[in-house]
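So the chains spell out like this:
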Number of protein chains: 2
Amino acid sequence: PYIPRVIKILNNEGVHVLKKVEDAQTISKLAEKYKHAIIVGGSFIGIETAHALRKRGLDVTLIEYFPQVMPGKLNKQLAKIVEKTLEEEGIKLILGAGVKEISGGLGDKKVVAGNEEIRGDFVVMATGTRPNVELARKAGLEVGETGGIKVNERMQTSDPSIYAAGDNAEVLDMVTCKPTLSLLGNTAVKMGRVAGINAAGGDAKFRGVVNVWIVNLENLKFGGAGISYDHALKLGIDAVAVTIRVPDKPEIYPDAHKITVRLIAEKTTGRILGGQILGVDGVLCRLNVLATVLSREMTVHELAELELAYTPSLCEIVDPLHVAADALLKRLRKRS
Amino acid sequence: PYIPRVIKILNNEGVHVLKKVEDAQTISKLAEKYKHAIIVGGSFIGIETAHALRKRGLDVTLIEYFPQVMPGKLNKQLAKIVEKTLEEEGIKLILGAGVKEISGGLGDKKVVAGNEEIRGDFVVMATGTRPNVELARKAGLEVGETGGIKVNERMQTSDPSIYAAGDNAEVLDMVTCKPTLSLLGNTAVKMGRVAGINAAGGDAKFRGVVNVWIVNLENLKFGGAGISYDHALKLGIDAVAVTIRVPDKPEIYPDAHKITVRLIAEKTTGRILGGQILGVDGVLCRLNVLATVLSREMTVHELAELELAYTPSLCEIVDPLHVAADALLKRLRKRS
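Things to note about unusual backbone geometry
You will see that Cys177 of chain A, though not glycine, has its phi angle at about 60°, which is positive. Counting through the fold element by element, Cys177 of chain A comes out in the loop between β10 (171-173) and β11 (178-180).

Rendered as structure tokens:
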């Protein structure tokens, strides 16, 4: 966990992070005794913690520095869907408010965010993750521009007798073809597997990541893979994007729900760069197809034609992924 | 619908097929008035009809010629899972019994199957589908070995001014690279789209199919894609297969269920040829990944490494697809 230095923690009693199992156990115990949790940070960990504590009946206030939750991962329009769900759960959101100061003891915490002072019983800091490269630097290993340890596809550091894996090490982003910090559990496990095989004398390679992620709020699942539209623009890629919202199965079924799919592609090649999906159901399903599509460097045209299973009680013949791809194809044709 | 000639229908009152919306409406009305339905045929349509009628409270007897349901689509071991679910629903299965004769009027049907006579109120024939190529033959169009109308990838028949699409026409099987009859709704829609675009002066191509299919029995979803192990052997392909059964998510979650994955690959290349998946949940999700994997001609090794989304409340880091791919990799190494 990384806590920005601008946040002055005057009293760290009742201020917790989520790193180890023990941290979760501590927070879980606090949830039995106390009534009001303040969560700092509106990304994966902050949102999941807020949801879990709210489910246990606590008052929950979630504070995010950016004017939306999931900054960098979802655009403002998509973030609104998540924010609405959190608010419907009864979580109080304070957006666009940087935390300056945390004071007071357990059961009487004061958090100064923007111009407000929020009072609660305990605080969970979910302000992000940074590689801890102290040991690597001491060992003289190269650290990349991302701040992570440089490794090759065999997970070897600049010292070939030392391997690195997990949040500390860089990986290749298969979409941008640049090193990135994945910071995802599934990536860490895969990297560990490769590093372990090689360190034990075997030969394994790690291709890279498309960084597929998902969050489950029960009434809403949301996730993404590849890069966002803004990220593409920052890299100088001429990108186009569409957002569609259609039923996840024929609407005659009572459990049909709207699903939102945003798809981003490169204009010149039609190659899919990324996407985000939000809905009550069927999000994991489409995300995994999208992740596969990204890892095989497929185009919008290929996704529009992709064969997917069909049975009316579960899904439409023209899947939301197809609808999004068709919409993006039209957009691509218009612009060319 | 195709009804084998060996089945003598002495009285076709109360004998129905499922082709048009009106057929379903007729059967639905019979279900209001009568108590016992006899279904002939234990594949997609027969199983789905049996399930739907049983759900409406009818006594249902399902008769299948082969000694298992889903012949050709599931092996015996996997078919047992489906049979168990159908029996738990209260459907009576008569397997390995060819229907010889259907007699009696509506409300008093007699079906002779094997050495048994089954009595019921009405009969639904779900004995398969064959292309109806009568019109095509009259028009002098070429018909392929599969019995379907020959078309090129633009859905043009041997007469370039005539297009064909749907169950009547052949398509390319992307796994075997041979013409096949897909007989699936989603394939028909895609073929129609291509034929329509071309007939209207456009230019569209149909790549072919991996034939992904799924059946939803609510308490069990099951489906497949690509070809079966037996089919591979028949084609002279040196194939290997594994079947694994693991939880679809961490077992600490009360809604975790076992999911069964069978995976078939070519020994020499490691290319995945097909698979079948059965479970309470998450079947569509994995089938669509498998369909994508098949349509991109991926290997077992590539599937084992495939990046999929992870969040513990929905899925494991090592997905059942990964478990199956890892097991198949081990099998491939042993044999080489």
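More follows now that the structure is in view.
Comments concerning the relation of the copies chain B and chain A
Least-squares fitting of chain B to chain A yields an RMSD of 0.0 Å, with the superposition described by an axial translation of 0.0 Å and a rotation of 180°. As the rotation angle and translation indicate, the two copies are arranged about a two-fold axis. Of the C-alpha atoms belonging to chain B, the one lying closest to the rotation axis is found on Cys285 of chain B, 2.0 Å away. Comparing interface residues between copies, 100% of those in chain B also sit at the interface in chain A, which points to an isologous, same-surface contact.

A few points about the sheet that holds strand β13 (residues 221-226) of chain B
All names here are of chain B. Reading across the sheet, the five strands line up as β12-β13-β16-β15-β14 and stay open at both edges, with antiparallel pairing between neighbours. In the strand order of this sheet, the two ends are held by β12 (213-216) and β14 (239-247), each with one partner. Neighbour-to-neighbour, the strand axes of this sheet turn through a mean angle of 10°, independent of strand direction. Here nine bridges tie β14 to strand β15 (residues 258-266), and the two strands are oriented antiparallel to one another. When the bridges of β15 are listed, Ile244 appears paired with Val261. Where helix α3 (residues 76-88) meets the sheet, it contacts β13, β14, β15 and β16 (272-279), and its direction lies at approximately 25° from that of β16. Sheet strands touched by helix α7 (residues 283-295): β12, β13, β15 and β16. Its angle to β16, the strand with the most contacts, is close to 175°.

A short note on the side chain of His51 of chain B
Its location among the elements puts His51 of chain B in helix α2 (residues 44-55). Only 2.6 Å separates the side chain of His51 of chain B from the side chain of Glu218 of chain B, close enough to count as a polar contact.

Structural notes on the side chain of Ser228 of chain B
Residues and elements named next belong to chain B. Note on placement: Ser228 falls in the loop between β13 and α6 (229-234). Polar contacts involving the side chain of Ser228 include one to the main-chain amide nitrogen of His231, which spans 3.1 Å. When residues no more than four places from it in sequence are discounted, the contact partners of Ser228 are Gly72, Ile264 and Gln276.

Describing the domain arrangement of chain A
Residues and elements named next belong to chain A. The domain architecture assigned to chain A consists of domain 1 (8-125), domain 2 (134-199) and domain 3 (213-335). Using C-alpha coordinates to define each centre, domain 1 is positioned 30 Å away from domain 3. Tallying the contact residues gives 17 residues for domain 1 and 15 residues for domain 3. When domain 1 packs against domain 3, the two sides together hide about 1300 Å² of surface, and 71% of this comes from carbon and sulfur. Three residues, His51, Leu78 and Ile81, lead the burial of domain 1 against domain 3; their summed loss comes to 30% of the area buried on that side. Our count for the contact surface shared by domain 1 and domain 3 stands at one salt bridge. Of the charged contacts in the structure, one is a salt bridge between Glu218 and Lys55, with a shortest N-O distance of 2.9 Å. Residue assignment for the side of domain 1 that touches domain 3 shows that the elements contributing at least two residues are α2 (44-55) and α3 (76-88). Class assignment of the residues belonging to the side of domain 1 that touches domain 3 gives a composition of eight nonpolar, five polar and four charged.

Conventions and cut-offs
- Residues numbered from 1 in each chain as written.
- Chains lettered and ligands numbered in written order.
- Predicted model: local features only at pLDDT ≥ 70, side-chain atom pairs only at ≥ 80, totals over all residues.
- Heavy atoms only, no water.
- Helix = DSSP H or I, 4+ residues; strand = E, 2+ residues; numbered from the N terminus.
- Least-squares fit on C-alpha atoms with pLDDT ≥ 70 in both.
- Contact = heavy atoms within 4.5 Å.
- Pairing = 2+ DSSP bridges.
- Axes fitted to C-alpha atoms, helices over the stretch in contact; angles between N-to-C directions.
- Polar contact = N/O pair within 3.5 Å; in protein donor to acceptor, adjacent residues only side chain to side chain.
- Domains from an automatic or database assignment.
- Buried area = accessible area lost by both parts, 1.4 Å probe.
- Salt bridge = Lys/Arg side-chain N within 4 Å of Asp/Glu carboxyl O.
- Nonpolar A, V, L, I, M, F, W, Y, C, P; charged D, E, K, R; others polar.

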